[in-house]
Amino acid sequence: NITLEEKKNLGLDLREFILVCSFASTNCLEEEFEWFRHIFYGNCFRFNSKQHLLRTVTKNDMFSGLQLYLYLDDIENSFFKTNGIFIVIEDQSLR
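An account of the accompanying structure is given in this report.

About the thresholds
- Along each chain, the written sequence defines residue order, and numbers are assigned to residues from 1.
- The model is predicted, so local features are restricted to residues of pLDDT at least 70 and side-chain atom pairs to those at 80 or more, both for listing and for counting; the totals for chains, interfaces and linings are taken over all residues.
- Hydrogens and water molecules were not included; the side-chain quantities draw on all heavy atoms of the structure.
- Going along the chain from the N terminus, every DSSP run of H or I of four or more residues is numbered as a helix, and every run of E of two or more is numbered as a strand.
- Categorising residues by exposure relies on relative accessible area from a 1.4 Å probe, with only protein chains included: less than 20% of the type maximum marks a residue as buried, more than 50% marks it as exposed, and the intermediate range marks it as partly exposed.
- At least two bridges found by DSSP between two strands is the condition for calling them paired.

1. A word on unusual backbone geometry
The phi torsion at Ser-25 lies on the positive side, around 65°, for a residue other than glycine. Among the structural elements, Ser-25 can be located in the loop between β1 (18–23) and β2 (26–27). Here the phi dihedral of Asn-48 falls at roughly 65°; this positive angle occurs in a residue that is not glycine. A relative accessible area of 7% means that Asn-48 is categorised as buried.

As structure tokens, then:
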């Protein structure tokens, strides 16, 4: 059987996948992401889920929220048959 760590290494690392990240015009920190493994999607990263690092939106404009530039690996170099991203936005008050 393959270990969880080996499965993690099959997918993209956080630094490979998220090329640029900012929230309210401030660079994101690696510590603000939580890694988890999804049975269908592989490596997943949850932003802003740690209580001691929570960020909130104070203005409604294009620079106040989360901005991401993501890298999607070439299918031919991928362990998986398909590539893509699945983004879920959750209400922090429901956690």
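2. Remarks on the sheet that holds strand β5 (residues 66–70)
Read across the open sheet, the three strands follow the order β2-β1-β5; overall the sheet is antiparallel. Only two strands of the sheet have a single partner each, and these edge strands are β2 and β5. Pairing geometry for β1 and β5, over five bridges, is antiparallel. Each residue of the ladder has a partner; that of Val-20, found in β5, is Tyr-69.

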